[in-house]
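Examination of the molecular architecture
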Amino acid sequence: MTVPVPAAATTPTPAAAAALTSASIIPPHTGGDENPSAAALRAQFGSAITRVEVIWGDTVVFVARESLHAVVRWLHDVEQYDYLVDVTAVEYRTPERPIEVVWHLRALARRRFLRLKVELPKRGPLSVASVIDIYSGADWLERECFDMFGVTFEGHPDLRRLLMWEGYREGHPLRKDFPLRGRFSRAEQLKQTLAAEPEARYSMNELSIAEAYDQLPADMKERLSHRGEAGHRSEGE
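Description of the structure in this document. This one's a predicted model, so the numbers in the text were calculated from it and none came from an experiment.

1. Remarks on helix α4 (residues 138–149)
Spanning 12 residues, α4 covers 16 Å between terminal C-alpha atoms, matching the ideal 16 Å at 1.5 Å per step. Most of α4 sits inside the fold, with nine of its 12 residues counted as buried. A138, L141, E142, R143, C145, F146, D147, M148 and F149 are the residues of α4 that are buried.

2. A few points about the pairing of strand β2 (residues 58–63)
In terms of burial, β2 is largely enclosed, as five of its six residues are buried. Linking strand β1 (residues 49–55) to β2, which pair antiparallel, is a turn of two residues; within it W56 sits at a positive phi near 50°. As judged from the three bridges shared by β2 and strand β5 (residues 112–120), these two strands associate in the parallel manner. Bridge pairing in β5 links V61 to L116.

3. Here we look at the pattern of salt bridges
For the coordinates displayed, the defined rule picks out 15 salt bridges. Between K122 and E91 there is a salt bridge whose closest N-O contact spans 3.5 Å. One end of the pair, K122, is in the loop between β5 and β6 (127–129); the other, E91, is in the loop between β3 (83–90) and β4 (99–107), and 31 residues separate them in sequence. Judged by relative accessible area, which is 23%, K122 ranks as partly exposed.

4. Looking at helix α3 (residues 68–77)
Of the residues making up α3, those classed as buried are L68, V71, V72, W74 and L75. Angular distribution of buried residues about the axis of α3 spans 160°; they occupy a single face of the element. Considering only its buried residues, α3 is in contact with α2 (36–45), β1, β2, β4, β5 and β6.

5. Considering a nonpolar patch on the surface
The grouping of Y83, V85 and L108 at the surface amounts to a nonpolar patch, some 260 Å² of accessible area in total. The residue V85 is located in strand β3 in this model. Assessed through its relative accessible area of 31%, V85 is described here as partly exposed.

6. With respect to the environment of P125
With respect to the helices, strands and loops of the structure, P125 is situated in the loop between β5 and β6. P125 sits 27 residues away from T152 along the chain, and the two C-alpha atoms are 8.6 Å apart.

7. Observations concerning the side chain of S127
Along the chain, S127 turns up in strand β6. Within the structure, S127 has its side chain in polar contact with the side chain of E154 (distance 3.0 Å).

Conventions and cut-offs
- Residues numbered from 1 in each chain as written.
- Predicted model: local features only at pLDDT ≥ 70, side-chain atom pairs only at ≥ 80, totals over all residues.
- Heavy atoms only, no water.
- Helix = DSSP H or I, 4+ residues; strand = E, 2+ residues; numbered from the N terminus.
- Expected span 1.5 Å × (residues − 1).
- Buried < 20%, exposed > 50% of the residue type's maximum accessible area, 1.4 Å probe, protein only.
- Pairing = 2+ DSSP bridges.
- Salt bridge = Lys/Arg side-chain N within 4 Å of Asp/Glu carboxyl O.
- Arc of directions from axis to C-beta.
- Contact = heavy atoms within 4.5 Å.
- Patch = residues over 30% accessible without salt bridge, like charges linked within 9 Å, V, L, I, M, F, W, Y side chains within 5 Å.
- Areas by Shrake-Rupley, 256 points an atom, 1.4 Å probe, with all protein chains shown as cover.
- Polar contact = N/O pair within 3.5 Å; in protein donor to acceptor, adjacent residues only side chain to side chain.

Nothing here speaks to function; it is all geometry.
Written out as structure tokens, the structure reads:
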């Protein structure tokens, strides 16, 4: 009896394997179906839409800085983008490449996602219009972007740090020029912050756990001690 011999497995060449992988497994980086809102934006705002890209299936619309607010207002009112997911920014290592401020929008009823970008040259003013009058949720999102990247949102009613404390002096932590080793120590930063009337912001218990308490000026320690004693008396009375 003759035993059938299975056919020998053939190993594809590296070139054929790469072609097979790129064609059948990894989706293309760019290209694909464009969100219909991009064409509507071109028709409505013309040259204010500087370019449109489709990256990994998401449509990215680049908008001129001065038209950002009008574009977002139109997307909200006409295209029904009723959910502002995020406001953030991106800085690249290339010195000449601008900082990109990014808005993520969703039209929930229409199941559409759109990413807007405004490019800000690093050597120019890092400012763009606030959209808090369109999306109230932009309040903290814009504050976070300001805190981390130093982007100013014109018209924001209370633009101040959100994650870092107000006395933080070392710039914006997500910028490429941020000093990873710090210009001065964390204890020194905390000392400077506490020096700005800490009694108005913190309780004695909070201050007692601060590492920099021992480094505070003597007069401040005395004030804090009196405040702590007054607090104990009032609690016991």
